[in-house]
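Listed here are the chains, written in short residue letters.
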Amino acid sequence: MTKYIFITGGVVSSLGKGIASASIGALLESYGLKVTLQKCDPYINVDAGTMNPYQHGEVYVTEDGAETDLDLGHYERFTSAEMSRDNNVTTGQIYGSVIEKERKGSYLGACVQVVPHITDEIKSRIFRLAERESYDVVITEIGGTVGDIEGLPFLEAIRQIRHDIGRENVLYIHLTLVPLIRVAGELKTKPTQHSVKTLREIGIQPDILLCRTEREFTDSARDKIALHCNVDKDAVFQAVDVNEIYRIPLMFNEQGLDRLILNRLGLKPNNSQNLHAWIELNEKISALKEKVSIAVVGKYIELQDAYKSIYEALRHGAFANDTALEIKRVDSELITRENVGSILKDVSGILIPGGFGTRGINGKIEAVRFARERNVPFLGICLGMQCAVIEFARNVCGLSEADSTEFNQSTPHPVIDIMEAQKAIIGLGGTMRLGAYKCRLEEDSFSYRAYQRREISERHRHRYELNTEYRALFESKGLKIVGTTLEETLAEIIEIPEHRWFVGCQFHPEFKSKPIRAHPLFKAFIRASIDFKNSK
Ligand code: GLN
């Protein structure tokens, strides 16, 4: 029998519900349990693919090509669960399928309503995920904050699930904030009390509270929270601010959160707890010494979450090289040919991430030029790879008007062009080349030396591609295509073999990097950057 854990959040957003859920997943896996995680997002978009990273942060791409919420990235980084289309449910999907069924007459003349039709649809998505494989536990995180109008159908659905399948099979965990009022020097429990009260009005009595707090609170504060929220005292946990997210599973474990969850759900561990990898990772992180500085040149630089997986993958690469990392975030719109040297002079590696649209492109191209000419390790991802190709065409091959047709439809040299398969597509949502595709590597390449494998599989999200009509010209001038799709029709990886380390990939390696298993390209890129730094 699968057990269900529902995670809600209250008081304010951005408390780290995704990381808390992922950490609980990691802890349950440490007992050999088979776990998966799911995010319910109350917005009306069908998926995150059409949302601006400024508003919503990064779009995380799964193996099966779903464009999802970035919390799924945390789930995959913290656990071994593989995310899919079924792991991210949105209001848009729910209403979409209910309306479709209504048009087909599937409701047999009934008046279609939020309860039971919308809530039944939500429940079916939760149960459907559980049925995919025989999971011991499904952890479902409800996006947003308790009290949001749009979250109500989801909360009603998870309330019903306990009624449907039995008290002993369902656990409600609520993440709240216990703020510190600085002038009074006091931690305040009232917002948590109110948040739980709101949840109880909907009919959900949380079993466990996770309290985010800046400062550890006392036993008497814990008593007060337990009493007013009607929760057992041993079920009130502290999530004290930490500066390292990979510390959180151990922090929860030290307080006994995982043991309480097993107990409450009557879960039998499949093995004695093994947290070895997490302990080792944390020891490694606290022992990092030397620091390597990497520039990330993009246009969504101000927002912490817009390049989430890139930043994490860089950190993993640094962990794997026992080195601390400093990320210099550079707004590509501010880069010009004149100032690029002074902006990038102190970094040991340059990364250009993916993106869409013309804004900031010239700055990115200048950053590529700087990396290429100064022999600075370079990793270009998706749009970053395309910028590297444009730069090479313009400045090495002498095609001064070379461009991507994404930016200039009438360029005489469309070195990056829309894929044939994309030409007839009109709609925007879910229509790119998405998800995992295989790629074959040439052995004499930076990439092969990183992967140590001829055949790899990586996730994609793009419409444009390298125009292989220019392949012979590029190769004669020193830019090689070293990775292609298995039919050799699309270029997947470009490199400049004469360079210290210059790699551009059409796919997104950042989505498959984990703290305990850094992605080979990130590991090799950081290695090259450290070597470059040491050679200076
Ligand atoms: N805009 C480019 C394309 O559609 C790059 C996409 C990306 O970087 N994810 O091909």
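Structure: see above.
Because the structure is a prediction, the values reported are computed rather than measured.

Caption draft 1: Representation of the overall build of the chain in the model. Helix and strand counts for the chain come out as 18 helices and 23 strands. What you see for the chain is a C-alpha radius of gyration of 25 Å, in line with the 24 Å of a compact globule of 536 residues. Along the first, second and third principal axes, the C-alpha atoms of the chain reach 75 × 60 × 45 Å. A separation threshold of at least 6 residues defines the contact pool for the chain, and within that pool the share at least 24 residues apart is 73%. Averaging the positions of the 67 positive and the 73 negative side-chain charges in the chain gives two centres separated by 3 Å.

Caption draft 2: Layout of the site of the ligand. Close to the ligand lie Gly354, Gly355, Phe356, Cys382, Leu383, Gln386, Glu406, Arg461, His462, Arg463, Tyr464 and His508. Within the side chain of Gln386, one N or O atom sits 3.1 Å away from an oxygen atom of the ligand. Take His508: an N or O atom from its side chain is 3.3 Å from a nitrogen atom of the ligand. Within the complex, the protein chains bury 98% of what would otherwise be the 300 Å² of accessible surface of the ligand. Elements that contribute at least two residues to the shell around the ligand include exactly helix H15 (383-395) and strand E19 (455-462).

Caption draft 3: Seen up close, the layout of surface pockets. Approximately 550 Å³ is the volume attributed to the second largest pocket. Lining the second largest pocket are 32 residues, with Pro53, Val59, Gly355, Phe356 and Arg461 positioned closest to its centre. If you list the elements that add at least two residues to the lining of the second largest pocket, you get H15 and E19. Classifying every residue of the lining of the second largest pocket by side-chain character gives 16 nonpolar, ten polar and six charged.

Caption draft 4: Structural view of the packing of helix H14 (residues 361-374) against H15. Running from amino to carboxyl end, H14 crosses H15 at an angle of 70 degrees, the nearest separation of the two axes being 9 Å. One finds that H14 runs roughly perpendicular with respect to H15. Of the residues in H15, those in contact with Ile361, Asn362, Lys364, Ile365, Val368, Arg369 and Arg372 of H14 are Leu383, Cys387, Ala388, Ile390, Glu391, Phe392, Arg394 and Asn395.

Caption draft 5: View of a nonpolar patch on the surface. Nonpolar side chains collect at one region of the surface, where Tyr95, Ile99, Val114 and Val115 lie side by side and expose about 320 Å² of accessible area between them. At the level of elements, helix H4 (91-104) and helix H5 (114-132) are the ones that each hand at least two residues to the nonpolar patch. Judged by its relative accessible area of 34%, Tyr95 is partly exposed.

Caption draft 6: Spotlight on the pattern of salt bridges. If you walk through the whole model with that rule in mind, you get 46 salt bridges. Note that Glu63 and Lys512 form a salt bridge whose closest N and O atoms lie 3.8 Å from each other. Taken as a pair, Glu63 in the loop between strand E3 (60-61) and strand E4 (67-68) and Lys512 in the loop between strand E23 (502-505) and helix H18 (520-535) lie far apart in primary sequence, 449 residues in all. The class of Lys512 is partly exposed, set by a relative accessible area of 27%. The partner of Lys438 in a salt bridge is Glu455, and the shortest N-O contact between them spans 3.9 Å. With Lys438 in strand E18 (residues 433-441) and Glu455 in strand E19, this residue pair connects regions lying 17 residues apart in the sequence. Exposure remark for Lys438: the relative accessible area of 46% places this residue in the partly exposed category. On the accessibility criterion, Glu455 (37% relative accessible area) is partly exposed.

Caption draft 7: Fine view of the sheet that holds strand E12 (residues 291-298). Spatially, nine strands are ordered E13-E12-E14-E15-E23-E22-E21-E18-E19 in an open sheet, and the strand pairing comes out mixed. The strands lining the two open edges of the sheet, one partner per strand, are strand E13 (324-331) and E19. When strand polarity is set aside, the average angle formed by the axes of neighbouring strands in this sheet is 25 degrees. Here strand E15 (residues 378-381) pairs with E23 via four bridges, running parallel. Pairing of Phe378 across the sheet is with Phe502, part of E23. Contacting E12, E13, strand E14 (349-352) and E15, helix H12 (residues 308-320) crosses the sheet at an angle of about 150 degrees to E13.

Cut-offs used in this document
In every chain, residue numbers begin from 1 and rise along the written sequence. Given that the model is predicted, a residue must reach a pLDDT of at least 70 before its local features are reported, and side-chain atom pairs must reach 80 or more before they are shown or counted; all residues, however, enter totals for whole chains, interfaces and linings. For side-chain calculations, the full set of non-hydrogen atoms in the structure is used, while hydrogens and water are omitted. Where helices and strands are cited, they refer to DSSP runs of H or I of at least four residues and of E of at least two residues respectively, numbered from the N terminus. The globule rule used for comparison is 2.2 Å times the number of residues to the exponent 0.38, while the radius of gyration itself is calculated over C-alpha atoms. We call two residues in contact when some of their heavy atoms are within 4.5 Å. The charge count includes Lys and Arg as positive and Asp and Glu as negative, but it does not include His or the ends of the chains. Charge coordinates come from a single atom per side chain, which is NZ of Lys, CZ of Arg, CG of Asp or CD of Glu. The nearness test applies per residue and asks whether one of its heavy atoms lies within 4 Å of the molecule or strand. Think of a polar contact as two N or O atoms within 3.5 Å of one another; within protein, one of them needs to be a possible hydrogen donor and the other a possible acceptor, and neighboring residues in sequence only count if both atoms come from side chains. Per-residue and other accessible areas were derived by the Shrake-Rupley procedure at a 1.4 Å probe size, with only the shown protein chains allowed to occlude residues. Only protein atoms enter the 1 Å grid used here. Points where a 1.4 Å probe fits but cannot escape make up a cavity, open sets with protein on both sides within 12 Å along at least five of seven lines make up a pocket, and a residue lines them when an atom lies within 4 Å of a point. Grid points are joined across faces, edges and corners, and a volume is the space filled by probe spheres set on the points. Amino acids outside the nonpolar list (Ala, Val, Leu, Ile, Met, Phe, Trp, Tyr, Cys, Pro) and the charged list (Asp, Glu, Lys, Arg) are all regarded as polar, and Gly is one of them. The axes used here are C-alpha line fits, helices contributing only the stretch in contact, and every angle between their N-to-C directions lies in the interval 0 to 180 degrees. Roughly parallel means an angle under 35 degrees; roughly antiparallel means over 145; roughly perpendicular covers 65 to 115; every other angle is labelled oblique. The patch calculation keeps residues exceeding 30% relative accessible area without a salt bridge and links them within 9 Å when they carry like charges or within 5 Å when they are nonpolar (Val, Leu, Ile, Met, Phe, Trp, Tyr). Salt bridges are identified by distance alone: a Lys or Arg side-chain nitrogen within 4 Å of an Asp or Glu carboxyl oxygen. Three exposure classes are used, based on accessible area relative to the maximum for each residue type with a 1.4 Å probe and protein chains only: buried under 20%, partly exposed in between, and exposed over 50%. DSSP calls a pair of strands paired once it identifies at least 2 bridges connecting them.

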